[in-house]
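Coordinate inspection notes
Chain residues, written in single-letter form:
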Amino acid sequence: MKKHNFSAGPSILPQEVFKEAAAAVLNFNNSGLSILEISHRSKDFIAVMEQAKSLTLELLGLENKGYQVLFLQGGASMQFVMLAQNLLESKAAYLNTGTWANNAIKEARFFGEVIEVASSKDKNYNYIPKNFEIPADADYFHCTSNNTIFGTQIKEFPKTEIPLVCDMSSDIFSRNIDFSQFSLIYAGAQKNMGPAGTTLVILKESILNKVSRAIPNILNYNSHIAKESMYNTPAVFSVYVSMLNLKWLKAKGGIAAIEKVNNEKAALLYSEIDRNSLFEGFVSRLDDRSTMNATFNLTDETYKEPFETLLKEAGISGLNGHRSVGGYRASMYNALPIESVKLLVEVMQDLENQN
Ligand SMILES: *Cc1c(COP(=O)(O)O)cnc(C)c1O
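Not measured: the values here are computed from a predicted model. (Residues numbered from 1 in each chain as written. Predicted model: local features only at pLDDT ≥ 70, side-chain atom pairs only at ≥ 80, totals over all residues. Heavy atoms only, no water.)

1. Some points on the domain arrangement of the protein
Going by this rule: Residue ranges labeled as domains rest on an automatic or database domain assignment. By the convention used here, residues are in contact when the closest approach between their heavy atoms is within 4.5 Å. Buried area: the sum, over both parts, of the accessible surface (1.4 Å probe) that disappears when the two are put together. Think of a salt bridge as a Lys or Arg side-chain nitrogen and an Asp or Glu carboxyl oxygen that are within 4 Å of each other. Any pair of nitrogen or oxygen atoms within 3.5 Å is treated as a polar contact; in protein, a donor-acceptor pairing is required on top of that, and neighbouring residues in sequence qualify only through side-chain atoms on both sides. Numbering goes from the N terminus for both helices and strands, where a helix is a DSSP run of H or I of at least four residues and a strand is a run of E of at least two.
The domains assigned to the protein are domain 1 (15–251) and domain 2 (254–354). Placing a centre on the C-alpha atoms of domain 1 and another on those of domain 2 gives a separation of 27 Å. Counting from both sides, the interface comprises 28 residues of domain 1 and, opposite them, 26 residues of domain 2. Carbon and sulfur atoms make up 49% of the area that domain 1 and domain 2 hide from each other, which totals about 2,300 Å². Between the two partners, domain 1 and domain 2, sit one salt bridge. Residue Lys130 pairs with Asp288 through a salt bridge whose shortest N-O separation is 2.7 Å. Applying the counting criterion to the domain 1 and domain 2 interface returns 18 residue pairs in polar contact (both at pLDDT 80 or more). Those elements that provide at least two residues to the side of domain 1 that touches domain 2 are helix 2 (43–60), strand 7 (152–153) and helix 6 (236–251).

Below you can see the structure in the form of structure tokens.
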């Protein structure tokens, strides 16, 4: 039986996408060949790559605005290195909202000075710092739009004249924001876009070529732009399935339509967390709560076993919190049906009624 998958990543994708991907593993486009055994330079695969790029720009409202779309490898973690290597000449400003922001900061320090403009470390990252100053002479400002581990999400991005760089790994394509305020956006595919293996990078070419260091070709955005994401063999299957998923999203009505459902799902779960006395939310300020990853705890650990038994019986999977936070984390990415959230809420109510 198909489970209700609340996993933080790699995560749920639409059943339709799984089916189409499975068929293409056996026979891609009626070619008599598997998607896994064809050349990345074949006409059919180049069309997949082109479609993935154009769907990305279309869904984000970034067409004809000077953006390049790349599908690279190495995950968001590789981008922590690459973006700094390509953009950091003297100093860069970073907002520290958790584990991933921290890793980004650590990698950037290999290339120059990092100014941490604000941090929520004092409260184990259970809020988003606000009203900080961004130095006008920094090369760029980096933030993480959604903190997958802690369940916080930036709702309003700071205004600044310097290039805005954003790690959107866990909430890209989930909500409408003005994506054109960013000079560089990146996202590991495996949270809300596709399977693990590829990383989406969207950047304005105008921010490149401002650093004096020599950059190895494989780490240089210019190489990947020049070779249209085929400087080396791309993650063919991951790009293909991501493309299918973006196509699915477009058919659903795009980001505006999915955002409505995402908001409904989040409201449903958070209102139960707040209502039910056996549970408490992890995030301290309600307006910082993520619509993608809801983090919460039991108010009394003696309910741990009965709760987890009920979850198992209901076929709910992937609800354990990250080891650095504990408790529970319900990841409600685009592909998670609202019915799964309703079921989780019922289980929470069952636990309350039993006790
Ligand atoms: C998962 C995650 C990462 C790490 O992604 P990898 O692809 O494993 O390197 C980075 N940033 C955020 C916000 C994430 O959710």
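2. A few points about the packing of aromatic side chains
For clarity, the threshold we go by: Two aromatic rings, drawn from Phe, Tyr or Trp (for Trp, its six-membered ring), form a pair once their centres lie within 6.5 Å of each other, and the interplanar angle then sorts them: stacked below 30 degrees, edge-to-face above 60, tilted otherwise. Two limits define a charge over a ring: the Lys NZ or Arg CZ must be within 6 Å of the ring centre, and within 35 degrees of the ring normal.
Under the defined criterion, the tally for this structure stands at eleven aromatic pairs. Members of the aromatic cluster, joined through ring pairs, are Phe279, Phe296, Phe307 and Tyr328. It is Lys123 that lies over the ring of Tyr127; its NZ or CZ is 5.6 Å from the centre.

3. Things to note about the pattern of salt bridges
Here the idea is simple: oppositely charged side chains can pair when their charged atoms come close. For clarity, the cut-off: Note on classification: 1.4 Å probe, protein chains only; a residue is buried when its accessible area is under 20% of the maximum for its type, exposed when over 50%, partly exposed between these limits.
For the structure shown, the criterion picks out nine salt bridges. Residue Asp137 is joined to Lys91 by a salt bridge in which the shortest nitrogen-to-oxygen separation is 3.0 Å. Here Asp137 is found in the loop between strand 4 (113–119) and strand 5 (141–144), whereas its partner Lys91 is found in strand 3 (residues 91–96), with 46 residues between them in sequence. Among the residues examined, Lys91 registers a relative accessible area of 17% and is labelled buried. Here Lys304 and Glu308 are joined by a salt bridge, their closest N and O atoms 3.3 Å apart. One end of the pair, Lys304, and the other, Glu308, are both in helix 8 (residues 304–314), four residues apart, so they sit about a helical turn from each other. For Lys304, a relative accessible area of 37% translates into the label partly exposed. Classification of Glu308 by relative accessible area gives partly exposed; the value is 27%. It is possible to trace a salt-bridge network through shared partners that takes in Glu272, Arg275 and Glu352.

4. Section: the site of the ligand
For the record, the criterion: Nearness of a residue to a molecule or strand requires only that one of the residue's heavy atoms be within 4 Å of it. In these tables, accessible area is a Shrake-Rupley quantity obtained with a 1.4 Å probe, and a residue counts as shielded only by the protein chains included in the view. Under the convention adopted here, Pro, Cys and the residues Ala, Val, Leu, Ile, Met, Phe, Trp and Tyr are nonpolar, Asp, Glu, Lys and Arg are charged, and Gly plus all remaining residues are polar.
The environment of the ligand is made up of 13 residues, and the closest members are Ser77, Thr148, Asp167, Gln190 and Lys191. Ser77 places a polar side-chain atom, nitrogen or oxygen, 2.6 Å from an oxygen atom of the ligand. Taking Lys191, its side chain carries an N or O atom lying 2.6 Å from an oxygen atom of the ligand. Coverage of the ligand by the protein chains reaches 88% of its 380 Å² of free accessible surface. Counting residues per element, the shell around the ligand draws most heavily on helix 3 (residues 75–87), at four residues. Looking at the shell around the ligand residue by residue, the class counts come to three nonpolar, eight polar and two charged.

5. A look at the packing of helix 6 against helix 7 (residues 254–275)
How we decide: Axis angles are defined between N-to-C directions and span 0 to 180 degrees, where every axis is a line fitted to C-alpha atoms and, for a helix, only to the segment in contact. In what follows, roughly perpendicular refers to angles from 65 to 115 degrees, roughly parallel to angles under 35, roughly antiparallel to angles over 145, and oblique to any angle outside these ranges.
Look at helix 6 against helix 7: their axes get within 7 Å of each other, and the N-to-C directions meet at 80°. The pairing of helix 6 with helix 7 is recorded here as roughly perpendicular in orientation. Counting all contacts with helix 6, which are made through Trp248, Leu249 and Lys250, the residues of helix 7 involved are Gly254, Ile255 and Ile258. Classifying every residue of the contact of helix 6 with helix 7 gives four nonpolar, one polar and one charged.

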